Structure formats: structure tokens, C-alpha cells
Amino acid sequence: MVILRTVAQGLRKNISAFQAYGIRSGLKSLQKYYRIDRSQIAFLKFIIEAYDGIAVLTTVDPGLGIVVLKIAPKCETIVAAVLEDLKKDILIEQILEPS
């Protein structure tokens, strides 16, 4: 409720919701591409979504198992730790952006 109240107050003052909550608009998400076992795309998506707000997974090429993670600012360390742990069980390798 405190967050919603803060955002509502900021909107009444004619500033953005992000600024009202103290999030600077200069921060940008980081995009990293990975090749994973294609049968594990949905599993990885559910795991990433379970960590609410750290990243969004989008499938680029389901046949090749290429996905992109759009990582929220300041969440790179958390995402890296999750992926390192998952590498013990499934194929996950970072790749360059596909052309």
C-alpha cells in the first residue's frame, strides 16, 4: 500500500510513477542472449519469472533454443547466480546477439 500511495502522490504532482517511487529513468535493462536446451525453455522461463522482476525471458529461435534475457537494472548478479546454478542440470551458454 505504501508503494501505491507514493506513486499516486507523485502522479498528482505530475511526475512519472517511476520517479515517484524513486526509480531513475536513466537505468536500462541489459540484454543477454543464451543458447539452451530447447526442451527446457519453458522451465527456464518459469524459474526466471519466479524471481519476480529480475528479468524477462523471450524466445528468439525455439528450434535452436536461443533466448534473450532482459535483465533489470542492478539484478545482473542475481541472474548470473541463478543461471550458474541451473547450468549444473541443463545446457545454458551465453552467445553473441544473433543476426
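Attention in this report is confined to the structure presented alongside it. Remember, predicted model here, so these are calculated numbers, not experimental data. (Residues numbered from 1 in each chain as written. Predicted model: local features only at pLDDT ≥ 70, side-chain atom pairs only at ≥ 80, totals over all residues. Heavy atoms only, no water.)

1. Some thoughts on the packing of helix 3 (residues 41-50) against helix 4 (residues 76-86)
Phase 1 of the analysis: Where helix 3 meets helix 4, the axes come as close as 11 Å, and the angle between the chain directions of the two elements is 140°. Pair helix 3 / helix 4 crosses with right-handed handedness. Residues F43, L44, I47 and I48 of helix 3 form the contact with helix 4, whose participating residues are V82, L83 and L86.
Phase 2 of the analysis: Classifying every residue of the contact of helix 3 with helix 4 gives seven nonpolar, no polar and no charged. (Axes fitted to C-alpha atoms, helices over the stretch in contact; angles between N-to-C directions. Helix = DSSP H or I, 4+ residues; strand = E, 2+ residues; numbered from the N terminus. Left-handed = near helix turned anticlockwise from the far one by under 90°. Contact = heavy atoms within 4.5 Å. Nonpolar A, V, L, I, M, F, W, Y, C, P; charged D, E, K, R; others polar.)

2. Regarding the pattern of salt bridges
Should the charged atoms of two oppositely charged side chains come close, the side chains can pair.
Phase 1 of the analysis: With the rule as written, the count across this model stands at four salt bridges.
Phase 2 of the analysis: Between E49 and K45 there is a salt bridge whose closest N-O contact spans 3.4 Å. On the criterion of helical spacing, the pair formed by E49 and K45 is a turn pair, its members being four residues apart in helix 3.
Phase 3 of the analysis: For the salt bridge of E84 with K87, the shortest nitrogen-to-oxygen distance reads 3.1 Å.
Phase 4 of the analysis: Taking relative accessible area as the criterion, K87 reaches 37% and is therefore assigned partly exposed. (Salt bridge = Lys/Arg side-chain N within 4 Å of Asp/Glu carboxyl O. Buried < 20%, exposed > 50% of the residue type's maximum accessible area, 1.4 Å probe, protein only.)

3. Things to note about helix 4
Phase 1 of the analysis: For helix 4, the complete set of buried residues consists of V79, V82, L83 and L86. The buried residues of helix 4 occupy an angular sector of 95° when projected down its axis, which confines them to one face.
Phase 2 of the analysis: At its buried positions, helix 4 is contacted by strand 1 (30-36), helix 3, strand 2 (55-61), strand 3 (66-71) and strand 4 (92-95). (Arc of directions from axis to C-beta.)

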